[in-house]
Amino acid sequence: MKFGGTSVADPDAVTRLIGIVRRQLATQVSDTSQTRVRLVSDTCQTPVVVVSALSGVTDAMIDVTRLAEEGDGEQAAIALRALRERHVSVASAVTRQSRDTVLAAVRAEFEELTGLVHALAVLREVSPRSLDAVIATGEVLSSRIVAAALADQGIPSAWVDARRVLVTDAEHTVASPEMIATCERTRELIAPVTKSGQVAVLGGFIGATASGVTTTLGRGGSDYSASIVGACLGVSEIQIWTDVDGMLTADPRVVPLPRLVPQLSFAEASELAYFGAKVLHPSTILPAVGKNIPVRILNSHRPESPGTVITADGHPANGQLTAIACKRNVTVIDITSTRMLMAHGFLRRLFEVFERFKTAVDVVTTSEVSVSVTVDDTRRLDAIIDNLRNFAEVSSEPEMAIISAVGENLRSDPTLFGRAVTSLQRIPLRLVSQAAGRRNITFVLRDADLPSAMGQLHETFFEQRAITKTR
Ligand code: ADP
Ligand code: ASP
Ligand code: MG
């Protein structure tokens with residue numbers, strides 16, 4: 001059971017979380033005793049709870065590191081004091097018997113963090129490794145508070161240090177898990193807790209290298225932590241508790257009234273997450289696919305609503321598209337060279353440049369003499385363009401956006417492609433692509449055109465369907 005930042009934001013949210021865990025525990029205990037369908041495997045008798053930092057805390061800690069980098073130790077310390085007060089106030093509100101212990105732990109974490117940030121401000125230097133050490137504190141704190149709050153409410157629970165469980169490589173801020181080592185640690189450190197009937201509580205997003213240096217999995221990575229631990233334990237369901245009803249037909253920040261998607265396939269969910277459906281970290285599905293574990297997205301504000309269930313097969317939506325995702329602020333790079341004409345080895349040379357600068361490419365289209373790609377990480381853009389210019393003409397265009405229209409039905413119904421393109425006829429499209437899997441159509445367009453393009457597509461595929469249904 002993974003609870004995102006807004007699901008642990010304040011005392012009310014933590015109280016809701018406790019209610020949700022209590023209900024889950026009751027279901028599992030009664031199901032197990034009646035040997036009905038069991039929600040957990042033999043190795044996992046109670047739910048494991050994975051939490052994000054309290055909402056806004058990771059951003060606030062990143063701001064603290066910026067102040068430190070500018071040498072403004074004083075403002076950094078002021079910001080840290082405000083963060084400490086927020087954690088102390090939430091921890092005090094959700095505990096009684098264990099209050100002193102949890103407050104001591106919170107204060108100790110902040111003491112260590114304040115020392116670290118002071119040192120960074122003196123040096124005016126924040127490496128990715130130091131950044132990880134700072135921001136990991138957010139999940140350490142929230143998980144300690146939630147573990148104490150559960151115990152206080154009579155739910156046997158144990159805090160587990162996620163940095164001892166998730167073993168990762170040393171790519172700080174975007175570390176990848178080492179699954180074999182992580183599963184070993186999960187068996188050592190989490191399985192005994194659940195077997196003894198306690199709820200294990202750990203922070204998402206954070207891990208450590210094999211030698212114990214703190215790392216993080218990339219923004220939004222708590223979902224990924226939950227699915228990694230779930231896969232290692234062989235649980236029968238991974239629940240992502242968040243602030244919306246489930247996967248919606250579009251990003252609610254772009255389209256005013258998206259609908260709930262009740263069922264999705266793993267492949268559809270991966271595409272949507274990769275192309276901007278922030279409700280799931282793009283890697284979440286990966287560990288679940290390996291073990292064929294359903295992933296359920298649920299709303300912690302409305303625990304009774306059914307949510308979205310993601311399984312291997314999903315359930316194609318009424319002969320329609322399943323959902324549309326969008327990714328804003330991407331850059332298109334056009335690479336043109338007559339040397340590409342009839343030549344082999346050109347694409348290898350081109351993509352080697354992106355590999356060398358560790359920059360992922362999202363969409364690729366090619367013509368006889370040109371290749372266009374999109375990137376959203378522009379930190380090394382200048383170096384990439386310089387290197388590409390050694391063998392091609394290069395131009396780039398910022399402030400672009402990607403729309404990905406996703407649906408298993410795209411494979412069987414060729415008219416969906418035509419309807420999607422027609423619905424965008426008034427909007428200049430920069431690139432269009434459909435991959436071999438034919439589960440998505442990708443459009444690249446100006447970011448300024450994104451809201452109207454999303455609106456048109458959503459109306460065509462989701463709003464008209466509803467109108468027909470109600471007639
Ligand atoms: P959490 O803190 O629980 O991990 P996130 O903010 O990371 O929550 O993800 C939930 C948010 O994702 C929603 O509030 C919503 O604004 C955004 N979102 C973007 N696209 C979608 C989508 N297709 N379906 C649902 N939510 C989406
Ligand atoms: N707290 C981290 C972030 O804000 C991880 C997460 O929320 O999943 O990115
Ligand atoms: Mg998230």
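Note that the coordinates shown come from a computational prediction; the quantities given were computed from them, not determined experimentally.

(A) Summary view of the site of ligand 2. Ser 52, Thr 58, Glu 139, Phe 205, Arg 219, Gly 220, Gly 221 and Ser 222 make up every residue found near ligand 2. Measuring from an oxygen atom of ligand 2, one finds a backbone N or O atom of Gly 220 at 2.8 Å. At 3.0 Å from an oxygen atom of ligand 2 is found a main-chain nitrogen or oxygen belonging to Ser 222. Along the lines of polarity and charge, the residues of the shell around ligand 2 split into one nonpolar, five polar and two charged.

(B) How the structure looks around the environment of Val 255. Mapped onto the secondary structure, Val 255 falls in the loop between strand S8 (238-242) and strand S9 (263-265). Between the C-alpha atoms of Val 255 and His 458, which are 203 residues apart in sequence, the distance is 7.7 Å. In this structure Val 255 touches Ala 250, Met 454, Gly 455 and His 458, once residues within four positions along its chain are discounted.

(C) Local environment of the sheet that holds strand S10 (residues 295-299). With mixed pairing, eight strands are arranged side by side in an open sheet as S3-S5-S2-S1-S8-S10-S11-S9. Two strands in the sheet have a free side with no partner beyond their single neighbour: strand S3 (157-159) and S9. Pairing of strand S2 (residues 48-51) with strand S5 (residues 199-203) involves four bridges; the strand directions are parallel. Counterpart to Val 49 in the pairing with S5 is Val 201. In this fold helix H5 (residues 128-152) packs onto S2, S3 and S5, with an angle of close to 160° to the strand it touches most, S5. Sheet strands in contact with helix H9 (residues 222-233) are strand S1 (2-3), S2, S5 and S8, and its direction is about 160° off that of S2.

(D) Quick look at the site of ligand 1. As a structural note, the neighbourhood of ligand 1 is formed by 16 residues, with Lys 2, Thr 242, Asp 243, Leu 248 and Lys 278 the closest of them. Contact between ligand 1 and Gly 5: an oxygen atom at 3.1 Å from a main-chain N or O atom of the residue. Thr 242 has a polar side-chain atom sitting 2.7 Å from an oxygen atom of ligand 1. Here ligand 1 has 580 Å² of accessible area as a free molecule, and 87% of this is covered by the chains.

(E) Structural view of the pattern of salt bridges. Applying the stated criterion across every chain, the model contains 20 salt bridges. In this structure, the salt-bridge partner of Glu 171 is Lys 358, at a minimum N-O distance of 3.2 Å. Here the residue Glu 171 occupies a position in the loop between strand S4 (167-168) and helix H7 (179-189), and Lys 358 occupies one in the loop between helix H12 (346-356) and strand S13 (364-366), the gap between them amounting to 187 residues. For Glu 171, a relative accessible area of 34% puts it in the partly exposed group. The exposed category is assigned to Lys 358, whose relative accessible area is 55%. Its salt-bridge partner being Arg 302, residue Asp 245 comes within 2.5 Å of it at the nearest N-O pair. Highlighted residues: Asp 245 in the loop between S8 and S9 and Arg 302 in the loop between S10 and strand S11 (308-311), separated in sequence by 57 residues. With a relative accessible area of 38%, Arg 302 lands in the partly exposed category. One connected set of salt bridges, linked through shared partners, spans Lys 327, Asp 362 and Asp 376.

Reading the values: rules and limits
- Residues numbered from 1 in each chain as written.
- Chains lettered and ligands numbered in written order.
- Predicted model: local features only at pLDDT ≥ 70, side-chain atom pairs only at ≥ 80, totals over all residues.
- Heavy atoms only, no water.
- Near = heavy atom within 4 Å.
- Polar contact = N/O pair within 3.5 Å; in protein donor to acceptor, adjacent residues only side chain to side chain.
- Nonpolar A, V, L, I, M, F, W, Y, C, P; charged D, E, K, R; others polar.
- Helix = DSSP H or I, 4+ residues; strand = E, 2+ residues; numbered from the N terminus.
- Contact = heavy atoms within 4.5 Å.
- Pairing = 2+ DSSP bridges.
- Axes fitted to C-alpha atoms, helices over the stretch in contact; angles between N-to-C directions.
- Areas by Shrake-Rupley, 256 points an atom, 1.4 Å probe, with all protein chains shown as cover.
- Salt bridge = Lys/Arg side-chain N within 4 Å of Asp/Glu carboxyl O.
- Buried < 20%, exposed > 50% of the residue type's maximum accessible area, 1.4 Å probe, protein only.

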